[in-house]
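Report on the structure
Listed below, chain by chain, are the residues.
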Amino acid sequence: GAGVSQSPRYKVAKRGQDVALRCDPISGHVSLFWYQQALGQGPEFLTYFQNEAQLDKSGLPSDRFFAERPEGSVSTLKIQRTQQEDSAVYLCASSSETGTGFNEQYFGPGTRLTVT
Amino acid sequence: AQSVTQLGSHVSVSEGALVLLRCNYSSSVPPYLFWYVQYPNQGLQLLLKYTSAATLVKGINDFEAEFKKSETSFHLTKPSAHMSDAAEYFCAVSPGPGGADGLTFGKGTHLIIQP
């Protein structure tokens, strides 16, 4: 595939359940980002990976949120003990390079998480 | 810290009319600025970017934006609206060019095109 893909596209979880959201970035992209987009809001930054290294996790809202990218390609965002306030669309983006020069972030379609 | 304010959660224009979507930013460092468009059930797509070269930036689909440092603004315009322009538009700011920096987004403006 040419773009960023995410799965599942939709997820319904009961409060207290754990969920795992997957992101497949564009092949060869070094940088990977996760964003959370609540209903009617703009996306908010959660975390950033450069290859397998998680260089910034300042946006993760609580210790229930955990992200990994063990082999520097696919990434998983895990939310433990989901709460209703976790309901949102989770967006993944990837970019080809780091550092200087402009590098576009390409976004996936998102996973819509609904916690009931 | 950086922030973005988009004035108007909804903007309605007639087909063929001028589109103006407003964005003001706050940044303690020289900003990189972006406009993204989001169609229903699709990911964000980059429309245009300001990365400290020209202050008037042209993007896809005849959109353009002008960086005005004195007004801390980066408003998005299009001379003639088309029905296909109906979507959600987000202004975003970054401390760097984008490849290694999380973006800070505004709340978005929903553009409605009246036939």
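Regarding the overall build of chain A
Helix and strand counts for chain A come out as zero helices and 11 strands. Element order for chain A, N to C, with α for helix and β for strand: β-β-β-β-β-β-β-β-β-β-β. In summary, chain A has a C-alpha radius of gyration of 13 Å against a globular reference of 13 Å for 116 residues, a match within 12%. Principal-axis analysis of the C-alpha atoms places the extent of chain A at approximately 40 × 25 × 25 Å. Residues classed as buried in chain A amount to 44% of the 116 residues present. By element, 46% of the accessible surface of chain A is carried by carbon and sulfur atoms, the whole surface being about 5,700 Å².

Considerations on the nonpolar core
By size, the foremost hydrophobic cluster in this structure holds 27 residues, and its most contacted members are W35, L48, F74, L76 and Y89 of chain B. For this core, the elements supplying multiple residues, two or more each, are β2 (10–14), β3 (19–26), β4 (32–38), β5 (44–50), β7 (64–68), β8 (73–78), β9 (87–94) and β11 (109–114) of chain B. Other than its neighbours up to four places away in sequence, Y89 of chain B contacts Q6, L21, W35, Y36, V37, L47, F63, L76, G108, T109 and L111 of chain B. Residues V4, L21, L60 and A67 of chain A belong to the second largest nonpolar core, which totals 20 residues.

So, the packing of aromatic side chains
Residues and elements named next belong to chain B. For the structure shown, the criterion picks out 15 aromatic pairs over all chains. For the ring pair Y36 and F105, a centre distance of 5.8 Å and an interplane angle of 55° mean the geometry is tilted. Of this pair, Y36 sits in strand β4 while F105 sits in strand β10 (residues 104–105), and the two are 69 residues apart along the sequence. On the basis of relative accessible area, Y36 is assigned to the buried category, the value being 2%. Using a relative accessible area of 9% as the deciding quantity, one classes F105 as buried. With centroids separated by 6.3 Å and ring planes inclined at 90°, the aromatic side chains of F90 and F105 adopt a geometry described as edge-to-face.

Observations concerning the state of the cysteines
Tallied over the entire structure, the rule returns two disulfides over all chains. Through a disulfide, C23 of chain A is tied to C92 of chain A; the S-S separation comes to 1.8 Å. Measuring handedness by torsion sign, the sulfur bridge of C23 of chain A and C92 of chain A sits at about -65° and is left-handed. Here the residue C23 of chain A occupies a position in strand β3 (residues 19–24), and C92 of chain A occupies one in strand β9 (residues 88–95), the gap between them amounting to 69 residues. Here the two residues C23 of chain A and C92 of chain A agree in accessibility, since each one is buried. A sulfur-sulfur separation of 2.0 Å characterises the disulfide bridge that pairs C23 of chain B with C91 of chain B. Classification of the bridge connecting C23 of chain B and C91 of chain B rests on its S-S torsion, roughly -65°, and on that basis the disulfide is left-handed. Within this pair, whereas C23 of chain B is found in strand β3, its partner C91 of chain B is found in strand β9, the two being separated by 68 residues in sequence. There is no split in this pair, since C23 of chain B and C91 of chain B are both buried.

Brief notes about the interface of chain A and chain B
Taken together, the contacts link 26 residues of chain A with 21 residues of chain B. Together chain A and chain B conceal approximately 1,700 Å² of surface at their shared face, both sides included; 56% is due to carbon and sulfur atoms. Interface area lost by chain A to chain B is led by P43, F102 and F107 of chain A, which between them contribute 31%. Along the contact surface separating chain A from chain B lie zero salt bridges.

About the cut-offs
- Residues numbered from 1 in each chain as written.
- Chains lettered and ligands numbered in written order.
- Predicted model: local features only at pLDDT ≥ 70, side-chain atom pairs only at ≥ 80, totals over all residues.
- Heavy atoms only, no water.
- Helix = DSSP H or I, 4+ residues; strand = E, 2+ residues; numbered from the N terminus.
- Rg over C-alpha atoms; globule rule 2.2 N^0.38 Å.
- Buried < 20%, exposed > 50% of the residue type's maximum accessible area, 1.4 Å probe, protein only.
- Areas by Shrake-Rupley, 256 points an atom, 1.4 Å probe, with all protein chains shown as cover.
- Core = buried A, V, L, I, M, F, W, Y, C linked by side-chain atoms within 4.5 Å.
- Contact = heavy atoms within 4.5 Å.
- Phe/Tyr/Trp six-rings, centres within 6.5 Å; stacked < 30°, edge-to-face > 60°.
- Disulfide = S-S within 2.5 Å.
- Buried area = accessible area lost by both parts, 1.4 Å probe.
- Salt bridge = Lys/Arg side-chain N within 4 Å of Asp/Glu carboxyl O.

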